[in-house]
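# A closer look at the structure
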Amino acid sequence: MNLALSDEQVFLREAARGTLSRVKTLEAARAALDGDEGALPDLWPTAKEAGWPGLLIGEGDGGAGLDAFDAMLILGECGRVLAAIPLLGHLLASAILSDAPAGAPLLGPLAVGDRRAAYLPVSPPDDISGQWSADPAHGVERAPAPIAAGSGSEARVGGELWFVPDAPDADLLVGVALRGGEPVGVAIETSADGVTIETTRRYDATRSLGHVSLDDAEALVLDAPPDSLAAAWYLAQALLAAESIGSVETALEVSVAYAKDRHTFGRAIGSYQAVKHSLTEVLRQLDNGRSLLYYAGWARRGAPAEFPLAASAARSVAGRALDQAARTMISVHGGIGATWEHDAPLYFRRAQLSRRLLGGTSGATDRVASELMAQASAA
Amino acid sequence: MDLDDTPQQAAYREQVRNWLEQHKPEAPVLAGPNALREESEIIAARRAWQGKLAEGGLAGVTWPKEYGGQGLGPIEQVICNQEIGRARVPGILDAIGVGMLGPTIIAHGGDEQKTRYLGPMLHGDEVWCQLFSEPAAGSDLAAVQARARREEDGSWRLSGQKVWTTNAQFASFGLLLARTDSDVPKHKGLTMFIVPMDAEGVTVRGLRQISGEAEFNEVFFDDVALDADAVVGGAGNGWTTALTTLMFERVTIGLGSEGLGYNSARFARAIAAEEDAREDPEVRRALGEIGSELMAVRFTGYRTLTALQKGQVPGPEAGLAKITIVNGAIRAGDLIADVLGPDALSADSEWAYMISFLPGLKSAGGTEEILRNTIGERVLGLPPAPRLDKGIPFSELRSQEATAA
């Protein structure tokens, strides 16, 4: 038993922190919110230089051959400073491709970041719906998964996917479509006929989103095993959880520093129980989220049958932790925490949007219940 | 990062599992139609079982070999606990003695004390209890008022009251924190004693709780005579000695909290058995939130264990796990009772018992409020609230409080 970071992982994390500290990401996030889209620095060259695009691609295909937990460490660092890097979609797409022999020829340029991929998020069936489904454009009903027609290694895909992370300016889209009711992996060039990606921003300027419309678009069918297609969805939950926990860390650190510094009635506000206890509540949720990230990071390869539960639990706890941390960050700072100039609203915006993407925090929570009850019934 | 056993750990697990398979028929039966019913029978059977576990090397796993332990690490302790749980047999009866008080004596006791007390404690021949908390000293433990006065011959006379004492009704000895000097600030005038529970002047009274059961006791001391060699860790050093016990308490909570039975699988089983509830979105949301937090505690325990293996001392953040468990179980009890209706509150329901037990557990081992204070100050580094008791002799403090009242 060893549930701690290796020396290599600590080094990877510290290197990422150092790299990202040289960019004024928070100032850029605020300027972009003010309408200056050009204020967001292009961090892809930075990611390429650091080798992040190839994290989950095997060394034989030009990647680093690392595992989910290493990717989670990088996304945690991105989350700490709200860095706008289109890594989430790219890593998920590369994970599916790496599990499919047919995807191998595509990996080389993705591994070094010369091409960029995005993941089409489609969630596997649960105990109630029995259907693969996608996030809806509006409302609470899940939307249908894309449909693939044709046989063999080529297919034509049709469908709509809303709020797809990192889709704008991607070269390749990788995800799941249903062919004859069965899930198959598909890879679609964004330059192909019938592919439209509409760039979308919602509330948090650092999050690149796109509405993807596929109209009889030519696709390569990926021979990835069905479990691997489902695992991509859970990896998405784990990576978003990791990114959120990174944001919680910063929100808590900044709040604690202010609570030590700011005095009222002759003493630091952090000495008052009401403030102290609200900050320890953030720490409690942060610590729970971190423990579940360790579980998920280990389970993806160490206990694949537990990965859906581990990753969903991590997302559920991390998502709620970020809500709590962002609101606490604002309230501990008092009125100043709710002003445009402060960083707290940037973390609040991140929390508000994240909780509603990729099935939502509540979707992950429901999945935890689904998985736990399935285990209980099987025992 | 790896949750699997190393080859050595797997071999140890195999050895423990074999021993348990071989000796399971000798274990006391505590549930089902053939279960023991009388408390005295249960206690006797569990003491005998603890003796067998000790002979088999399944008790005192982390104790040094010279005191009858196995000299192994916390990881082996956890493996042992896991296998005992898997075999569905009771663990040791005196978890407080072996887990917290024995290690305190090993750390601070004299050679004669170690020779005299540790063996019978480990084997369940003499059960121990922890005599720290008082009616007016819980979160503020250093405010204890039980008084021990030194006689001219070096012996002591003890008077006062303790409360929340588990196992006192059948314990042979207690480890007791008493005030021996009221003229110095409160943390300085304390001394730790070993008290024979059959001494003249010791009265144990059961303390019934919400469930109607008496899981704890009040213990009264009326001019009890203690020998000079009853002191552990030196007169006036009681606070340091007590901190050692509390550190081992954190280890016990951090590694053994799952043993309380408040886990996600148990609660999910109860909901899954109810056809309508298992598809109800509100029920699922509550179960998902509770279940994910309780799962987190298991892996926090593994992180603690990893730190212990590297020789790090567990900090106060283990208290966060306790807060998560207790509040999660309280929510789970409410959820399950909402689903089952009033039947969940019938006298023989496991849920009625749990629902009754948890409000008290919220304060046990440190109230949620004092845990959050400690963690806020020692982990986050937030400043403490101003204190009115610093540097003031205990006797003056008492008179100040009386005036203020």
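Residues numbered from 1 in each chain as written. Chains lettered and ligands numbered in written order. Predicted model: local features only at pLDDT ≥ 70, side-chain atom pairs only at ≥ 80, totals over all residues.

### A look at the overall build of chain A
A count of helical and extended segments in chain A gives 11 helices and 11 strands. Computed over C-alpha atoms, the radius of gyration of chain A comes to 21 Å, within 12% of the 21 Å expected from 2.2 N^0.38 for 379 residues, which places it in the range of a compact globule. By its C-alpha atoms, chain A is 75 × 55 × 45 Å across when sized along the principal axes. (Helix = DSSP H or I, 4+ residues; strand = E, 2+ residues; numbered from the N terminus. Rg over C-alpha atoms; globule rule 2.2 N^0.38 Å.)

### Focus on the overall build of chain B
Broken down by element type, chain B carries 12 helices and 8 strands. Taken against the 2.2 N^0.38 rule, which gives 22 Å for 405 residues, the C-alpha radius of gyration of chain B at 22 Å falls within 12% of a compact globule. Its C-alpha atoms give chain B principal-axis dimensions of roughly 70 × 50 × 45 Å. Expressed as a percentage of its 405 residues, the buried residues of chain B come to 41%. Once local pairs closer than 6 in sequence are excluded, the contacts in chain B between residues at least 24 apart make up 70%. (Buried ≥ 20, exposed ≤ 12 C-beta atoms within 10 Å, placed from the backbone. Contact = placed C-beta atoms within 7 Å.)

### As for the interface of chain B and chain A
Counting residues at the interface gives 45 residues for chain B, matched by 42 residues for chain A. Going through the elements one at a time, α7 (264-272), α8 (281-309), α9 (318-340) and α11 (368-378) of chain B are the ones with two or more residues in the side of chain B that touches chain A. Ranked by residue count, the leading element in the side of chain B that touches chain A is α8(B), at 16 residues. Of the residues contributing to the side of chain B that touches chain A, the split by class is 23 nonpolar, 9 polar and 13 charged. (Nonpolar A, V, L, I, M, F, W, Y, C, P; charged D, E, K, R; others polar.)

### Some words on the domain arrangement of chain A
All names here are of chain A. Each assigned domain of chain A is listed here: domain 1 (7-112), domain 2 (117-227) and domain 3 (228-378). Elements supplying a minimum of two residues to the side of domain 1 that touches domain 3: α2 (25-33), α4 (68-81) and α5 (87-98). Tallying contributions element by element places α4 first for the side of domain 1 that touches domain 3, with 10 residues. Taken together, the residues of the side of domain 1 that touches domain 3 sort by class into 14 nonpolar, 2 polar and 5 charged. (Domains from an automatic or database assignment.)

### What about helix α3 (residues 74-86) of chain B?
Residue and element names in this part refer to chain B. Helix length check: α3, at 13 residues, gives a terminal C-alpha distance of 18 Å against a target of 18 Å (1.5 Å per residue), a fit within 8%. Every buried residue belonging to α3 is among Ile-75, Gln-77, Val-78, Ile-79, Cys-80, Glu-83 and Ile-84, and all of these are buried. Directly after α3, the chain includes Arg-88, whose backbone phi takes a positive value near 55°. (Expected span 1.5 Å × (residues − 1).)

### Section: the domain arrangement of chain B
Domain boundaries assigned for chain B yield domain 1 (7-93), domain 2 (128-237) and domain 3 (261-378). Computed over C-alpha atoms only, the centres of domain 1 of chain B and domain 2 of chain B are separated by 30 Å.

### What to know about the confidence of the model for chain B
Of the residues in chain B, 98% reach a pLDDT of 70 or more, and the chain-wide mean stands at 93. For this predicted complex, the interface confidence score (ipTM) comes to 0.96, while the overall pTM stands at 0.95. (pLDDT = per-residue confidence, 0-100.)

### Here's the deal with the packing of α3(B) against α8(B)
Orientation of α3(B) relative to α8(B), taken along the N-to-C sense of each, is 145°, at an axis distance of 9 Å. Listed contacts from α8(B) to Pro74(B), Ile75(B) and Val78(B) of α3(B) are Leu305(B), Leu308(B) and Gln309(B). (Axes fitted to C-alpha atoms, helices over the stretch in contact; angles between N-to-C directions.)

### Observations regarding the pairing of strand β1 (residues 128-131) of chain B
Across a regular strand the side chains alternate sides, sitting on one face of the sheet and then on the other. All names here are of chain B. Covered by surrounding structure in β1 are Trp-128 and Gln-130 together with Cys-129 and Leu-131, the residues of both alternating faces. In terms of strand pairing, β1 meets strand β4 (residues 173-179) through 4 bridges, oriented parallel. Note that in β4 the partner of Leu-131 across the bridge is Leu-176. (Pairing = 2+ DSSP bridges.)

### Some words on unusual backbone geometry
One non-glycine residue, Leu82(A), adopts positive backbone phi at about 55°. Structurally, the position occupied by Leu82(A) is in the loop between α4 and α5. We note that Asn167(B) has phi near 70°; this positive angle belongs to a residue other than glycine. According to the C-beta neighbour criterion, Asn167(B) is buried, with 21 such atoms within 10 Å.

### Observations concerning the packing of α9(B) against α11(B)
All names here are of chain B. Running from amino to carboxyl end, α9 crosses α11 at an angle of 150°, the nearest separation of the two axes being 9 Å. The handedness of the crossing between α9 and α11 is left-handed. In contact with Gly-319, Leu-320, Lys-322 and Ile-323 of α9, α11 contributes Glu-368, Leu-371, Thr-374 and Ile-375. By residue class, the composition of the contact of α9 with α11 is 4 nonpolar, 2 polar and 2 charged. (Left-handed = near helix turned anticlockwise from the far one by under 90°.)

### Here we look at the environment of Lys162(B)
All names here are of chain B. Along the chain, Lys-162 falls in strand β3 (residues 156-163). Along the backbone, Lys-162 and Asp-389 are 227 residues apart, and their C-alpha atoms lie at a distance of 22 Å. The residues touching Lys-162, leaving out its near neighbours within four places in the chain, are Leu-131, Ser-133, Glu-134, Ala-146 and Val-219.

### What to know about the environment of Arg17(A)
As for its placement among the helices and strands, Arg17(A) is situated in helix α1 (residues 7-21). Sequence-wise, Arg17(A) and Arg80(A) are 63 residues apart; in three dimensions their C-alpha atoms are separated by 8.8 Å.

### Here's the deal with the environment of Leu388(B)
Residue and element names in this part refer to chain B. Here Leu-388 is to be found in the loop between α11 and α12 (394-404). Taking the number of C-beta atoms within 10 Å as the measure of exposure, Leu-388 has 10 and is therefore exposed. Along the sequence, Leu-388 and Gln-400 sit 12 residues apart, while their C-alpha atoms lie 9.9 Å from each other.

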